[in-house]
Amino acid sequence: TDASVHQELTDGFNLVIDALKLNGIETIYGVPGIPITDLGRMAQAAGIRVVSFRHEQHAGNAAAIAGFLTKKPGICLTVSAPGFLNGLTALANATTNCFPMILISGSSEREIVDLQQGDYEEMDQLSIAKPLCKAAFRVLHAEDIGIGVARAIRAAVSGRPGGVYLDLPAKLLSQTLDAEKGAKSLIKVIDPAPAQIPAPEAVQRAIDVLKTAKKPLIVLGKGAAYAQCDDAIRQLVEKSGIPFVPMSMAKGLLPDTHPLSAGAARSTALKDSDVVLLVGARLNWLLSHGKGKTWGAPGSKKFIQIDIEPKEMDSNVEIVAPLVGDIGSCVNALLGHINADCPPPPAEWTNAIVEKRNANIAKMATKLGKNSIPMDFHSALGALRTIIEQRPDAILVNEGANTLDLARGVINMYQPRKRLDVGTWGVMGIGMGFAVAAAIETGKPVLAVEGDSAFGFSGMEVETICRYNLPVCIVVFNNNGIYRGTDTDPTGRDPGTTVFVKDSRYDKMMEAFGGVGVHVETPDALSRAVNEAMDSGRPTLINAAIDPEAGSESGNIGNLNPQSVVKKK
Ligand SMILES: Cc1ncc(Cn2c(C)c(CCOP(=O)(O)OP(=O)(O)O)sc2=O)c(N)n1
Ligand SMILES: [Mg+2]
C-alpha cells in the first residue's frame, strides 16, 4: 500500500489547539462565527473550556482579566473584521493596564485583502491592531503555527505584560500537514516571563535614598498585585514599618484594615511624605502625574520607582532611584537591606498617618449604616462593606462613577487580586466580562457592584452568566442615570442626555434567562439579597433603587471635564 495513503495528517485547526494546550491554556473566551466557529467547537471537544459571549468586547475583557488573575495570557477568539474590531477595545485596555491577553481573530486571505478585492469581512486587521497592542503577528503556513503561538505567549507575559494580536487567515486553518511534522513544529514556551533581576548598585541607590527618609511612603500599584509576590510585599511593609497606599486594584495586598494602611489618609500621605517608593504603580493621571498640590510643595519629594519597564522612569517627574526589574526580584533585593540599613520611620510620621486615617474613617462611618429610603450611595455601600468583610475571598468587580469612586473608599479589601475595576483607563463596560472570568478562573463567588449606566455596556452578558450558571451576584445601583438621574432637556423635547427610564427594573433581565432577580429599596433588604445570592451561588441581579438626587457628576474626577465659559445669549 502507498505509505502516503495512510500518512497521518494534522491541520491548522488542530495545530492551534495543540499549541495552546501544550502551553497550558485551559480556557478560550470568544464569540463564534466565520471562520472560527469550528475552531471553537474543536477546542471544546479537545478539552479546552470555550466560553461563548454575546459581544466580543466582553469576551476580550474576560480574557484580559483572566491574564491578570493567572499570569497566563487570557485568550479571546473572534471572527474577522467587525468581531475583531469589537475585541480591540479590550485588547487596547489590556495593553494599557498591562494585563496579558492574546486576541486571536480569523481574517481574510492576504491576496484578496492586499488587492482590496472585496472579500467577506475584508480588513487589514494586522495593521489596524499594531498601534493598539504590545505585539502583533500573522501566520500564513500551518508549520508556523507553533512559532506564532509561542511568540504571542512570550510577548504577552514577558517584561511588562500586555495585549497581543494573532491573525489567522481562514485558509490557514484547513491547511493539512504531516502529523509528525506538525507535532515537531509546536513549541512549549520555556520561561515565558523571565525574572529580571535589579542591578545591585540600583538596589543600593534605592536604600541610600530610603535611609534619608523622615516621612517615607510605599505606593502599591496593580503591578504589585499582578506579580503574586504577596509575602514579599507584606514583609516590605511590615519589616520597614513604612505606611502604604494601595491603588484600587492593589487593595487587599495587605488588608485595608492593616495598622500601616494609609489608604484612608491618602491625601495626607501623598502630600506630606518626603520619600515615595512606587511598587508597580505608574505616576500617571491616577497619581496626578507625581506633581501639583496632591504631592505638596514642588521638589519636596524623592521618588524611588520599581518597574519592569526602564522607559517608565522619569515619565512624569525625576526618579532619583530607578529600580528596574520584576517586582518580586526587586522587593526581595530590598528586603535584604531593610532594618539592617533602614531604621523604621519616626513615630511622629506613622502616628500622624494613623490619626488622619482614623479621623477620616470616623467621618465616613457617620454616612454608613442609615437604613433610609431612598438609599443613597453610602447607605447601600455600607451594607456591601459588611458583606465583603464577612466574605473576604469573594471577588469584587466594580464600575460606574459614584458607584465606583465611593465603593473604592467604603469597601475594604482583605486579600490580593480580589478587587477588579476600570483600572488605568477608567473604561466602562468591563463589568460582566470581568465577572465571568473571575468566576471561571477562580471558582470564587463574584459580587459585581455596577452603576446602572456602567452595567448597560455589558448587560446582555447576563445571559452568558446564566448559561454557564456562574456564581455571580450583580448589584445595579439604579439612580436612573449617568452620575445622577435628574438632568432635563431645556427644550422640553427629550429626556436629559444623562438620564434613563425612571424606576427601571434590571432584575427582570436576569429573570428572563432563568437567573434570580430581586428589587430592593433598603440596605437591610440589599444585605439579605446579596447574602442569599452568595450562599446559593445562583446567578442573581439585584436592582438597588438609589436616590436619583444622590451623587455628583463624574464621581471624584469631575475636574477633568472641560467647562464652556461662553454663555449663549
Ligand atoms: C466606554 C466608556 N464610555 C463612557 C464613559 C464615561 N463614563 C460613563 C458613561 C460613566 C457611567 C456613570 O454612570 P453610572 O450609572 O455607571 O454610575 P453612577 O450613576 O453611580 O455615577 S462613568 C464615565 O467615566 C467611560 N468612562 N467609558
Ligand atoms: Mg447611575
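The rules we used
- Residues numbered from 1 in each chain as written.
- Chains lettered and ligands numbered in written order.
- Predicted model: local features only at pLDDT ≥ 70, side-chain atom pairs only at ≥ 80, totals over all residues.
- Heavy atoms only, no water.
- Donors = N, O, S within 2.8 Å, 3.2 Å for Na, K, Ca; no water.
- Helix = DSSP H or I, 4+ residues; strand = E, 2+ residues; numbered from the N terminus.
- Buried < 20%, exposed > 50% of the residue type's maximum accessible area, 1.4 Å probe, protein only.
- Expected span 1.5 Å × (residues − 1).
- Near = heavy atom within 4 Å.
- Polar contact = N/O pair within 3.5 Å; in protein donor to acceptor, adjacent residues only side chain to side chain.
- Areas by Shrake-Rupley, 256 points an atom, 1.4 Å probe, with all protein chains shown as cover.
- Nonpolar A, V, L, I, M, F, W, Y, C, P; charged D, E, K, R; others polar.
- Axes fitted to C-alpha atoms, helices over the stretch in contact; angles between N-to-C directions.
- Parallel < 35°, antiparallel > 145°, perpendicular 65-115°, else oblique.
- Left-handed = near helix turned anticlockwise from the far one by under 90°.
- Contact = heavy atoms within 4.5 Å.

1. What to know about the coordination of the magnesium ion (ligand 2)
Item 1. At this site the magnesium ion (ligand 2) is bound by D452 (OD), N479 (OD1) and G481 (O), with donor distances of 2.0 to 2.1 Å.
Item 2. When the donor residues of the magnesium ion (ligand 2) are listed from N- to C-terminus, their spacing reads D-x26-N-x1-G. Note that D452 is positioned in helix α19 (residues 452-458) and N479 in the loop between β17 (472-478) and α21 (507-512), a separation of 27 residues in sequence. For the pair D452 and N479, one class covers both residues: buried.

2. Some thoughts on helix α18 (residues 431-442)
Item 1. Along its twelve residues, α18 runs 16 Å from first to last C-alpha, staying within 8% of the 16 Å computed at 1.5 Å per residue.
Item 2. The buried fraction of α18 amounts to ten of the twelve residues, a majority that puts the element mostly inside the structure.
Item 3. Among the residues of α18, those classed as buried are G431, M432, G433, F434, A435, V436, A437, A438, A439 and I440.
Item 4. A positive backbone phi angle near 70° is found at G443, which sits one or two residues after α18.

3. So, the site of ligand 1
Item 1. Taken together, 16 residues are adjacent to ligand 1, and N402, T403, G426, D452 and A454 come closest.
Item 2. Here an oxygen atom of ligand 1 sits 2.8 Å away from a polar atom, N or O, in the main chain of N402.
Item 3. In the environment of ligand 1, a nitrogen atom lies 2.9 Å from a nitrogen or oxygen atom belonging to the backbone of G426.
Item 4. Relative to its unbound accessible surface of 600 Å², ligand 1 loses 77% to contact with the protein.
Item 5. In the shell around ligand 1, the residues fall into seven nonpolar, eight polar and one charged.

4. Comments concerning the packing of helix α1 (residues 12-22) against helix α2 (residues 37-45)
Item 1. Between α1 and α2, whose axes approach to 10 Å, the crossing angle comes to 50°. Here α2 runs oblique to α1, going by the angle between their axes. Pair α1 / α2 crosses with right-handed handedness. Contact residues: α1 offers F13, N14, V16 and I17, while α2 offers D38, L39, M42 and A43.

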